[in-house]
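# Report on the structure
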Amino acid sequence: MKRTIFTLLITALIFTSCQQTATKKAADPNQEFDVVILNGRVMDPETNFDGIRNVGVKDGKIAIITESDIKGKETIDAKGLVVAPGFIDGHQHGIEPYAYRNMLRDGRTTIMDLEIGAHGPKLDEWYKRREGNSPVNFGIAVAHEFARAAVLDGFNDWKYLYTPDALYTREKDGWSKTRPTLEQGNEILSLLDEGLRQGGIGIGSTVGYMRQGVSAREIFELQKLSGLYGRQIGMHFRNTPGTDTEEINGIQEMLSNAAALGTPAIACHFNNPGYNMVHELLIRMRERGYNVWGEIYPYNAGSTALNAVFLEPEVWVKALGNKYEETVQDVVTLEFYTQESREEMLKKDPVRQVIVYKCKEEWVADWVKLKGVAVGSDGMPLFPDAGLSWDTPNEDLPNTHPRFAGTFAKVLRLARENNVPLMQAVAMTSYNYARPLGEMGLKSMQVRGRMQEGMVADITIFNPETVRDNSTFAHGTKPSTGIPHALVNGIIVMKDSEPLKEFSAGQPIRFEVQEKSRFVPLSIEGWTQEFYAVPEDFGGGVPCCDFANEEGHKH
Ligand SMILES: [Zn+2]
Ligand SMILES: [Zn+2]
């Protein structure tokens, strides 16, 4: 038996090396490429390759990386510039035409919403709306909070099919505060299952906005469900934002489930109190073979809706010791709220966007030093959005948190100013998201985030000496500079800092649609047989009162 495996392995190795030789032979440097990028500093975070090379792009792929002279139909002069894998943003909530110019100026060639996500049954439609209609790649998770809004508040008026719908779903609070019955829990899970069946990139859970309504059992069942598909959960932790203990307890909930179930997980925006320990937890779990990772955005303030549960006085003021007048700022007027003005605004516009100061400014540079961390911008959808499009001039876009436009360039600037190795910063902006997603079987991410022959030609070209963010809390959509060129799937989508309307370039980042769903509704009987630990309802997780008495199970 062992011998057979050994022979198979050897055969496989020979076969693989033949294939590689074959691929290399195919890339004749004398052919005409679609695009050539000349004399740039090519950096590959997977192999640590760092050298001046010419890059030939053909049929959407990186066909050759060479010191030889090459020619193409189009030429980019990259002398003095870094030629890096296209930036991958796993946490962008505004995946809309009005956002694409800002995304490209910031070097982002893939944007995904893996924290809130799309409503399960609408996932396919979400992708269809963007196919042939986006210069950047796009992807999305399945939304826990929207499944809850559908089941617990009866919401079914989907306009956007993903995050911006929260403007309407969050006007009620059943999604946030209600404990589902077992039956409702099964409905929530089957809506999520439908999104996974349709190819969603795991589950996004904003449990931090649903602290009262979502039990530990519910989160555990969510992670079990994503695990049936081998996919991740991305989580805005239960106690985020919180103290340096609460934040860590929040991620411990997710990581202990991930360990028990063997499922992947993303610690969304852990740039909060307690980040040092969150980082260590993630590293130690990865060392033990778990596919878990974390992301940061480099700002000391966050952004959310004014009616978020953690901004209620009992939490924000009493428990966390904050003052509204120092920490909660209106995104439009830039004025800080008081407890009274917050209450007044809640009556008029409960989901109004605000900036929330929650960290020390000196921590920001520290986050860029965390090796292995990925960058997720947490860019917000813009409101009001009527009439906004690709053609809307930048100065006419509504204001928003500066992370929308500046996150990736800011990471590169902070890395430069704080002597973080450039290769580490390049890894943060691309490979650190591509690698774990690829590891869990997402094929489109196995061939991105890398500057290697044969990989997809998503490429961001920037000046390491000048790249910088320009967006501020007063002008959140001011474009980044120092990133002149970008390619998506081999197509030039930005040249000389001018984004091009190449809407055929962007591809869906998505799992294949499955024929059958994998979710089996939870039942008292199932739990009893397996664990003798019967939840009384979906919020339970405690042994039921009386095993002998069947009536005892009916609540
Ligand atoms: Zn969040
Ligand atoms: Zn977010």
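Here the structure is shown first, and the text comes after it.
Residues numbered from 1 in each chain as written. Chains lettered and ligands numbered in written order. Predicted model: local features only at pLDDT ≥ 70, side-chain atom pairs only at ≥ 80, totals over all residues.

## Remarks on the overall build of the protein
This is how the line gets drawn: Secondary structure elements follow DSSP: runs of H or I no shorter than four residues count as helices, runs of E no shorter than two count as strands, and numbering proceeds from the N terminus. Radius of gyration: over C-alpha atoms. The globule rule applied is 2.2 Å multiplied by the number of residues raised to the 0.38 power. Put plainly, a residue is buried at 20 or more neighbouring C-beta atoms within 10 Å of its own, exposed at 12 or fewer, and partly exposed in between, counting only other residues' C-beta atoms, which are placed from the backbone. By definition, residues are in contact whenever their C-beta atoms, placed on the basis of the backbone, come within 7 Å of each other.
From N to C terminus, the protein includes 18 helices and 21 strands. A globule of 555 residues ought to have a C-alpha radius of gyration of about 24 Å, and the protein, at 24 Å, matches this closely. For the protein, the spread of C-alpha atoms along the three principal axes comes to 80 × 70 × 40 Å. Out of the 555 residues in the protein, the part that is buried amounts to 52%. Counted over contacts in the protein with a minimum sequence separation of 6, partners at least 24 positions apart contribute 75%.

## Some remarks on the pairing of strand β3 (residues 61-66)
The condition that has to hold: Strand pairing is assigned whenever DSSP detects at least two bridges linking the two strands.
In this structure, strand β2 (residues 49-58) lies alongside β3, joined through 5 bridges in antiparallel fashion. Residue pairing in the sheet places K58 in a bridge with K61 of β3. Between β2 and β3, which pair antiparallel and follow one another directly, the connecting turn spans 2 residues, one of which, D59, has a positive phi of 50°.

## Quick word on the packing of helix α7 (residues 182-197) against helix α8 (residues 216-228)
Axis angle and axis distance: for two packed helices, these are the angle between their axes and the distance between the axes, and together they describe the pair. The condition is simple: Orientation is described by lines fitted to C-alpha atoms, with helices fitted over the stretch in contact, and by angles between N-to-C directions that extend from 0 to 180 degrees. An angle counts as roughly parallel when it lies under 35 degrees, as roughly antiparallel when it exceeds 145, as roughly perpendicular when it falls between 65 and 115, and as oblique in every other case. If you view the pair so one helix is near and one far, a crossing is left-handed when the near helix is turned anticlockwise from the far one by less than a right angle, and right-handed when it is turned clockwise. Charged means Asp, Glu, Lys or Arg here, nonpolar means Ala, Val, Leu, Ile, Met, Phe, Trp, Tyr, Cys or Pro, and polar covers whatever is left, Gly included.
One can describe the packing of α7 onto α8 by two numbers: an axis separation of 10 Å at closest approach and a directional angle of 30°. The orientation of α7 relative to α8 falls into the category roughly parallel. In this structure, α7 meets α8 at a crossing whose hand is right-handed. Two secondary-structure elements touch here, α7 through G185, L189, L192, D193 and L196 and α8 through E218, E221, L225 and S226. Of the residues in the contact of α7 with α8, the class split is 4 nonpolar, 2 polar and 3 charged.

## Some points on the sheet that holds strand β15 (residues 353-357)
Pairing in this open sheet of 3 strands is antiparallel, and the strands run β13-β15-β14 from one edge to the other. Every other strand in the sheet has two partners, leaving β13 (301-305) and β14 (328-330) as the edge strands with one partner each. Taken pair by pair, the neighbouring strands of this sheet meet at an average axis angle of 30°, ignoring direction.

## So, the nonpolar core
Rules: In plain words, the nonpolar core is the set of buried Ala, Val, Leu, Ile, Met, Phe, Trp, Tyr and Cys residues that C-beta atoms within 7 Å link up. Where each domain starts and ends follows an automatic or database-derived domain assignment.
Of all hydrophobic cores here, the largest spans 143 residues; its most connected members are I37, V83, L192, V411, I461, L487 and V493. Among the elements that make up this core, the one with the highest residue count is helix α16 (residues 422-439) (8 residues). In this structure, this core is formed jointly by two domains, domain 1 (85-300 + 359-509) and domain 2 (303-357), each of which donates at least three residues.

## Overview of the environment of P313
Inspection of the secondary structure assignment puts P313 in helix α11 (residues 313-319). For P313, a count of 13 C-beta atoms within 10 Å gives the class partly exposed. Taking the C-alpha atoms as reference points, P313 and Q339, separated by 26 residues in sequence, lie 7.8 Å from one another. In contact with P313, other than residues within four places in its own chain, are K318 and Q339.

## Observations regarding the packing of α8 against helix α9 (residues 246-261)
Where α8 meets α9, the closest approach of the two axes is 10 Å, and the angle between their N-to-C directions is 45°. Between α8 and α9, the angle is such that the two are oblique. Seen along the crossing, α8 lies across α9 with a hand that is right-handed. Facing A216, I219, F220, Q223, K224 and G227 of α8, the residues of α9 in contact are E253, N257, A258 and L261. For the contact of α8 with α9, the class distribution of residues is 5 nonpolar, 3 polar and 2 charged.

## Quick notes on the pairing of strand β12 (residues 292-296)
Side chains on a regular strand alternate between the two faces of the sheet. Stated precisely, the cut-off is as follows: Here the term right-handed applies to a crossover when the path leading from its first strand over the helix to its second strand runs clockwise, the strands being oriented away from the viewer.
The element β12 is extensively covered by neighbouring structure, given that 5 of its 5 residues are classed as buried. Where burial is concerned, the two faces of β12 agree: the one with V292, G294 and I296 and the one with W293 and E295 are both buried. As judged from the 3 bridges shared by strand β11 (residues 265-267) and β12, these two strands associate in the parallel manner. By the bridge assignment, A265 is partnered in β12 with V292. The handedness of the β11 to β12 crossover, carried by helix α10 (residues 275-287), is right-handed. The pairing of β12 with strand β16 (residues 374-375) spans 2 bridges and is classified as parallel. Paired with E295 across the bridge in β16 is A374.

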